[in-house]
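# Descriptive analysis of the structure
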Amino acid sequence: MDLEKRRKPFIMPIDDEQKRLGVGDLTGLVRRHLLLVITCVVLGTSASVLVARTLSDSYSARSTLILVRDDQRLIASDQAIDAEGLSRAAIETELDVMKSRGFAGQIVDKLNLVEDAYLNPYIPQPENKEESWFGRAFETFLRSIKETIGLQDSKKARVEKPEMAIQRDRTITSLLSRMSVTRSSGESRAFSVRIAHPSAEGAANLANAITEFYVRRSFERKQAENVAATNILKDKAEAMAQDIADTEAEIEELHRLHKLDDVDDKVGDQLQAEAQQLTVRLALTQADVEKWNRQLLTIEGILKADAGVMEQAKGDPTYAALLAHKSEEETLLKERIRLAQVGDESQPALEGANARLEDVREKIRVEAEYLKSNAERNKQSDEEQLSDLQAQTDNIEKRLNARSDAKIALGKFERKLTTDRERYNQILSGLGVLDLQSEILTPAARVVSVAEVPVEPASPSRKTIAAAGFVGSTLIGFVLALLMETLNKKIRSEQQTRQVTRLPNLAYVPLIPRPFLGRRPKPHEYLRDKSHSFFSEGIWSLFMALRRMDREDPPQVVMVTSGLPGEGKTSMSISLATIAARSGQRVALVDLDLHRSGVSEALGLRGLDGSIEEYIEDDRPLEEIFHEHDALPGVDVFCATYKLSNQPVLLSSDRFPVLFEELREEYDFVVVDTPPILVVNDASWAGPLVDVAVSVVKWGETNENVLRDAVQRLELDKVPLVGTVINHVNTRAHASYGNGGNLAYYGYAAGYYGR
């Protein structure tokens, strides 16, 4: 066969489509795991029957109550509130209250349910004398298991009762698990209370007691609300009365202090008149003070000979004398200057002028002092009067402001007093309404259906439990079977080999049947005795698949290997050589298993003269080392030395490739049996010298991982692997898996081939 062709094996596309499970597939699955399914069904059904027998009877009783609207309101605002009194939210709230743990705790306390042996797990339940001994024994067994794993307190722990708070808590939990509160319909105001209890009378009594307790509780709650509202209004009335008294006292104090009782407000008018008079006098006095200030300034200006001031003062007689003296002083000053310019002759006249000047100046001083003294005295008097007037004015204004503030405060107090009196009257009216309403209070709910004592237990339904156990165990058995099937990676079909190797499966080879009494025949003996059999057809299929790979240049040297020992590669090699010889070809069967000599052992040729080792090391010719076998006519067998110690030296010898060249020249078809590729590496030495290689897979034994590793190792060693052979196929089991292939139709072909 051409070298390039054998290096390019046919790669099959992977079919990713999932196989659909049909009725036949499910039937086959059950048939393959029938023992497992039957075991699950028997155990599950038996356990459900036993559990059903140990369960105590539980009776169910129902009592119904309906929510009613609140009592007739006596005021309009309450009637408006009552219109929304039973809204959907309010009804849902009441439903939640009845389901709450707090309500259940009130029931436990009111009815003293802590002493109920069926609700308090810490109180021993009375023994059921009608129960069979088997049921009691099974219940004891279940209790011991629960105690062991901690799901139930031990008998000693139950005898030693815990604190009452713990017992109460457990009783509440038990009551909630046995009580259900439901609403009859979407918009209904009716609630149904259903109780499950081991006693028929206990169930009815407890259901009725719960509804009656709810009705009584609703009435007591309304009474408490009425009393609370009355107390609140009374407190508000007392506080309001005190506020009214305080406000009246404040008003009276304002009237007393500010004389606000005067209807015509004469006091206020008098104060206003006084304020106006004081304002006028204050303005006049202020003008006088300013006049004296101006007079003092004028005197100073005249003394300083200020022409402007002197000009303004000429018309005022107050300053006439001072101005005259000042004019005379000016004349004398001019005369003295003139005399001083004349010289010594005028000395007496100059002295006379100076004397007159000093006299005038003294007059000016005396006049100015008089005017100043008079102005300052008058100014001081007016300023004192001005200060007194200002104080009187401030006092009047303060009294007016205080009176105005008092009027404002009085208005506020009077408005507050009016409002407080109105509110006080409303509170008194509300108290009267509450007093009347307390006499006509009714419960917010009433019982419309009393629970009757049930005749038959509501649970358990033993038939239903047994049927459910049967169905459930059947499903569990089926699921376990499917799980085992899914987790099982043992190869049973060519779909698995194609998925792993991407190479075709060349043939299915069935397992040789074992006689009723005796050993299973060897493949070459079975082929000799049963030349027309299903096993023979499987080998023929493999041989023809190899020959049809290339009709013009079919493979001549075929290597047979496997992943692990015990997968039937040696039997396959012998069988393939036998079938090839029957086709009229000259066939060579080469045993390259240098560790175990599988072919030589199977044919009974171990230890005979002539071996591959002698050919390579002793240069013996090919015709001297082959052997013949009676069961393999036309097949020359080349044996290996058993447990050869120098395999690497032998396989790497220059004579090893020559062996294959001579085999190609002398034989039409050469079958090479090699050791498992995952155990030893001998097959990698022969890989480059063969045309094709096939890997043997044992049906139901070889794992997918083993095949995958073997293929990867062969690809790494450049061995031309072209496909797989599924060997030792159990034909009946293979058909039950629905895997296809020609062996799936073995039942139809049995008449042609026999066994």
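Below: a short report on this structure.

Turning next to the packing of helix α13 (residues 320-342) against helix α14 (residues 347-438). α14 packs onto α13 with a crossing angle of 160° between their chain directions and a minimal axis gap of 9 Å. The angle between α13 and α14 falls in the class roughly antiparallel. The element α13 and its partner α14 pack so that their crossing is left-handed. For the contact of α13 with α14, a count of residues per class yields 14 nonpolar, two polar and nine charged.

A few words now on the packing of aromatic side chains. Taken as a whole, this structure holds eight aromatic pairs when the rule is applied. An angle of 75° between the planes, with centres 6.0 Å apart, marks the rings of Phe103 and Tyr214 as edge-to-face. Of this pair, Phe103 sits in helix α6 (residues 101-111) while Tyr214 sits in helix α10 (residues 200-258), and the two are 111 residues apart along the sequence. For the pair shown, Phe103 and Tyr214 are each scored as buried. With a centroid separation of 5.9 Å and 90° between ring planes, the pair formed by Phe638 and Tyr667 is classed as edge-to-face. Taken as a pair, Phe638 in strand β9 (residues 632-638) and Tyr667 in the loop between α23 (655-666) and β10 (669-673) lie far apart in primary sequence, 29 residues in all. Judged by its relative accessible area of 1%, Phe638 is buried. One aromatic cluster in this structure is built from Phe103, Phe213 and Tyr214. A cation over a ring is seen here: Lys291 above Trp292, with NZ or CZ 4.4 Å from the ring centre. Between the NZ or CZ atom of Arg586 and the centre of the ring of Tyr667, over which it lies, the distance is 4.7 Å.

Our focus in this paragraph is the environment of Lys490. Examined against the element boundaries, Lys490 turns out to sit in the loop between α15 (462-487) and α16 (494-501). Judged by its relative accessible area of 28%, Lys490 falls in the partly exposed class. Once the C-alpha coordinates of Lys490 and Lys698 are considered, the two residues, 208 residues apart in sequence, prove to be 9.0 Å apart. Excluding anything up to four places from it in sequence, Lys490 contacts Gln496, Gly700, Glu701, Thr702 and Asn703.

Take the sheet that holds strand β8 (residues 626-629) next. Reading across from one edge, β5-β12-β11-β6-β10-β7-β9-β8 is the order of the eight strands in this open sheet, with mixed pairing throughout. Looking at which strands have only one partner, the edges of the open sheet turn out to be β5 (505-510) and β8. The sheet shows a mean angle of 25° between the axes of neighbouring strands, direction not considered. Here strand β11 (residues 692-698) pairs with strand β12 (residues 721-729) via six bridges, running parallel.

So, on to the sheet that holds strand β1 (residues 59-67). As a general point, the strands of a sheet are linked pairwise by backbone hydrogen bonds and lie either parallel or antiparallel. The four strands are arranged β2-β3-β1-β4 in an open sheet whose pairing can be described as antiparallel. Because the sheet does not close on itself, it has two edges, and the strands there are β2 (179-183) and β4 (445-449). Adjacent strand axes in the sheet meet at a mean angle of 30° when their direction is disregarded. Where β1 and β4 come together, four bridges link them in antiparallel fashion. Its bridge partner being in β4, Ile66 is matched across the sheet by Arg446. Lying over the sheet, helix α5 (residues 88-99) contacts β1, β2 and β3 (190-197), oriented at roughly 170° with respect to β2.

The next subject is the pairing of β11. Burial runs high along β11: six of the seven residues are buried. Handedness of the crossover joining β11 and β12 through helix α25 (residues 704-716): right-handed.

What follows deals with α16. If you check which residues of α16 are buried, you get Glu494, Gln496, Thr497, Val500 and Thr501. Down the axis, α16 shows its buried residues gathered within 155° of arc, on one side only. Residues of α16 that are buried make contact with β5, α25 and β12. Phi for Arg502, located one or two positions after α16, is positive at around 60°.

All right, on to the side chain of Gln556 then. Take Gln556: it is sitting in the loop between α18 (534-547) and β6 (557-562). Residue classification places Gln556 among the buried residues on the basis of a relative accessible area of 16%. Within the structure, Gln556 has its side chain in polar contact with the backbone oxygen of Tyr667 (distance 2.6 Å). Not counting residues within four places of it along the chain, the set of residues in contact with Gln556 comprises Leu663, Arg664, Tyr667, Asp668, Phe669, Val670 and Asp691.

Scanning all chains against the criterion turns up 22 salt bridges. Two residues, Lys569 and Asp593, come together in a salt bridge whose shortest N-O distance is 3.7 Å. With Lys569 in helix α19 (residues 569-582) and Asp593 in the loop between β7 (587-591) and α20 (598-603), this residue pair connects regions lying 24 residues apart in the sequence. Assessed through its relative accessible area of 5%, Asp593 is described here as buried. As a salt-bridge pair, Arg713 and Asp717 come within 3.5 Å of each other at their nearest N and O atoms. Judged by its relative accessible area of 29%, Arg713 falls in the partly exposed class.

Let us now look at helix α9 (residues 164-178). With 15 residues, α9 should reach 21 Å at 1.5 Å per residue; the first-to-last C-alpha distance of 21 Å fits that figure. Every buried residue of α9 is accounted for by Gln167, Thr171, Ile172, Ser174 and Leu175. All buried residues of α9 lie within an arc of 165° about the axis, which places them on one face of the element. Facing away from the buried surface of α9 by more than 90 degrees, the exposed residues are Ala165 and Ser177. Structurally, α9 contributes buried residues whose contacts are with α6, β2, β3 and α10.

Side chains of Ile476, Leu480, Leu483 and Leu487 sit close together on the surface and give an oily, nonpolar patch of about 370 Å² of accessible area. The residue Leu487 is located in helix α15 in this model. Judged by its relative accessible area of 60%, Leu487 falls in the exposed class.

What counts and how
- Residue numbers here run from 1 along each chain, matching the order of that chain's written sequence.
- For this predicted model, a pLDDT threshold of at least 70 governs which residues receive local features, and a threshold of 80 or more governs which side-chain atom pairs are given and counted, while totals over whole chains, interfaces and linings are taken from all residues.
- Where side-chain values are given, they derive from all heavy atoms of the structure, hydrogens and water being excluded.
- Axes here refer to lines fitted to C-alpha atoms; in helices the fit is confined to the stretch in contact. Angles between the N-to-C directions go from 0 to 180 degrees.
- Strands are runs of DSSP state E lasting at least two residues, helices are runs of H or I lasting at least four, and both sets are numbered from the N terminus onward.
- In what follows, roughly perpendicular refers to angles from 65 to 115 degrees, roughly parallel to angles under 35, roughly antiparallel to angles over 145, and oblique to any angle outside these ranges.
- Handedness of a crossing follows from how the near helix is turned relative to the far one, being left-handed for an anticlockwise turn of less than a right angle and right-handed for a clockwise one.
- Residue type decides the class: Asp, Glu, Lys and Arg count as charged, Ala, Val, Leu, Ile, Met, Phe, Trp, Tyr, Cys and Pro as nonpolar, and the leftover types, Gly among them, as polar.
- For Phe, Tyr and Trp, where Trp contributes only its six-membered ring, two rings pair if their centres lie within 6.5 Å, and the inter-plane angle classes them as stacked under 30 degrees, edge-to-face over 60, or tilted in between.
- Residue burial is assigned from relative accessible area. The probe radius is 1.4 Å, only protein chains are included, and a residue is buried under 20% of its type maximum, exposed over 50%, and partly exposed in between.
- Two conditions define a charge located above a ring, namely a distance within 6 Å from the ring centre to NZ of Lys or CZ of Arg, and an angle within 35 degrees of the ring normal.
- The criterion used for residue contact is that any of the two residues' heavy atoms lie within 4.5 Å.
- Following DSSP output, two strands are said to pair if at least two bridges run between them.
- Clockwise travel from the first strand over the helix to the second, with the strands pointing away from the viewer, marks a crossover as right-handed.
- Arc definition: directions from the helix axis to the C-beta atoms.
- Here a polar contact is recorded for every N or O atom pair within 3.5 Å, except that within protein the pair must consist of a potential hydrogen donor and a potential acceptor, and residues adjacent in sequence are included only if both atoms are side-chain atoms.
- Think of a salt bridge as a Lys or Arg side-chain nitrogen and an Asp or Glu carboxyl oxygen that are within 4 Å of each other.
- In this analysis, the expected span of each helix is defined as 1.5 Å times one less than the number of residues it contains.
- Patch membership is restricted to residues that have no salt bridge and whose relative accessible area is over 30%. Joining uses 9 Å for like charges and 5 Å for the nonpolar side chains Val, Leu, Ile, Met, Phe, Trp and Tyr.
- Using a 1.4 Å probe, accessible areas were evaluated by the Shrake-Rupley method; residue-level cover was limited to the displayed protein chains.

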